[in-house]
Each structure stands twice: as C-alpha cells, then as structure tokens.
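What the coordinates show
Single-letter residue listing:
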Amino acid sequence: MASTPSIRSPDAPAGLVLRRPVPGDLGWVVHRQAVLYASEYGWDWTFEGLVADIVGKFIANFDAAREDVWIAEYDGNIVGSVFVMQSGDAKVAKLRLLYVEKSARGLGVGKLLVKTCVERARSLGYAQITLWTNDILIAARRIYVSLGFRLVDEAPHHSFGHDLIGQTWTLDLR
C-alpha cells in the first residue's frame, strides 16, 4: 500500500487523523465491527463472518490503483474505518465497512471517513460510488444523504439473526 501522510481535516477536532493501516488494524476492524453491531443491534456471529470475508478479499486482491482504506484515530486510539473497493464494474466503486466507535460519535469521524472515501473514488476515476447498508443504521444514512447519496433500492432480508431492510445508495461522482 502506498505510503501517504495522515489526513487531517480543519473541520475535525484536534487529535483526529485518518491514516493507512498497519499490521493488526484490519483484524481490529473485523473484531470491533462484530462487537459493536452485536452490542448495539443484537447481530449474531454471522455478521463477523461477512466482515471477515470482505476484509479478506480486500487484502487478497488489493489493487492500489483502484482501492483504498483508512483507519480513523482520535488521540492515538482507533475509532473507525472505511474502505473504497472495486465493484466489478470499472466505473463504479463501493464504499464498504464504515464504522465509528461509540466514544467518537458526534466528532465528525463518520462524515470525514465518507468524504475521504468519495474524494478518493473520484480521484481514482470512478464515475459512481455505491454502498449497501441497512435501514436501521440511521446515523450512517444521515451522512450519506448529507453528501448527496440517493437511495436506489431496498429489500427485506434475514441476516445476522434479524429481519432487516437492506438498502443500496449511490452517488454520481461526475
């Protein structure tokens, strides 16, 4: 992965930076997402399997010319992450695995992660970025709407031990 400096935003509090992962970070992302979604939404261990599969495929097939990842740190502690990944369509990127630790919510971490992901997808030449989420993830959905994403599909599904409504959101990058 190309070495780049940490990203600091003038809108974010001092001590908040986005950086590239170091060994152990991506395993941490899998762990924290599993723990957070279990405690906040009661999702079962199958969610951890999904996240591990996504991260494993990202690592195994990583293409620096088409993908990226950021780890959010606040005062030296990991507080979130986001990935921009290929979708199988050369014109469409995927925003994947956004999460923010409960302790860092309200600091602008999520919005900074999503904005950074969108800007990177645009700089990589993608025409559109898409994401899949669930309707109960209200805070994340607010961020997507504030940045211009639009809901293009939703459907019920049974996953992670619950009946959920999955949603697909897209943003035109042109």
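Residues numbered from 1 in each chain as written. Predicted model: local features only at pLDDT ≥ 70, side-chain atom pairs only at ≥ 80, totals over all residues. Heavy atoms only, no water.

Contact pair helix α1 (residues 25-41) / helix α2 (residues 45-60): the axes reach a minimum separation of 9 Å and the direction vectors enclose 160°. The angle between α1 and α2 places the two elements in the roughly antiparallel class. The element α1 and its partner α2 pack so that their crossing is right-handed. Contacts between α1 and α2 involve L26, V30, Q33, A34 and Y37 from the first element and F47, E48, V51, A52, V55 and I59 from the second. (Axes fitted to C-alpha atoms, helices over the stretch in contact; angles between N-to-C directions. Helix = DSSP H or I, 4+ residues; strand = E, 2+ residues; numbered from the N terminus. Parallel < 35°, antiparallel > 145°, perpendicular 65-115°, else oblique. Left-handed = near helix turned anticlockwise from the far one by under 90°. Contact = heavy atoms within 4.5 Å.)

Attention shifts here to helix α4 (residues 138-146). The set of residues buried in α4 consists of A140, I143 and Y144. Along the long axis of α4, the arc covered by the buried residues comes to 100°, so they all point the same way. Of the residues in α4, the exposed ones pointing more than 90 degrees away from the buried face are A139 and R142. Considering only its buried residues, α4 is in contact with β4 (92-100), α3 (109-123) and β5 (128-134). Note on α4: the residue one or two positions beyond its end, G148, has a positive phi of about 95°. (Buried < 20%, exposed > 50% of the residue type's maximum accessible area, 1.4 Å probe, protein only. Arc of directions from axis to C-beta.)

Looking now at the side chain of T133. Mapped onto the secondary structure, T133 falls in strand β5. The exposure class of T133 is buried, given its relative accessible area of 5%. What T133 contacts, discounting residues up to four positions off in sequence, is R141, Y144, I165, G166, Q167 and W169.

Before going further, it helps to spend a moment on α3. End to end, α3 covers 21 Å across 15 residues, agreeing with the expected 21 Å (1.5 Å per residue, within 8%). Buried within α3 are the following residues: V109, G110, L112, L113, V114, T116, C117, V118 and A121. Of the residues flanking the end of α3, it is G125, one or two places downstream, whose phi is positive at about 95°. (Expected span 1.5 Å × (residues − 1).)

Further remarks concern the packing of aromatic side chains. Here a ring pair, both rings aromatic, is described through the centre-centre distance and the interplanar angle of the planes. One pass over the full model with this rule turns up ten aromatic pairs. Ring geometry for F58 against F83: centres 5.0 Å apart, planes inclined by 90°, an arrangement best described as edge-to-face. With F58 in helix α2 and F83 in strand β3 (residues 77-86), this residue pair connects regions lying 25 residues apart in the sequence. The pair F58 / F83 is uniform in exposure class, with both members buried. These aromatic residues form a ring-pair network of at least three members: Y37, Y41, W43, F47 and F160. (Phe/Tyr/Trp six-rings, centres within 6.5 Å; stacked < 30°, edge-to-face > 60°.)

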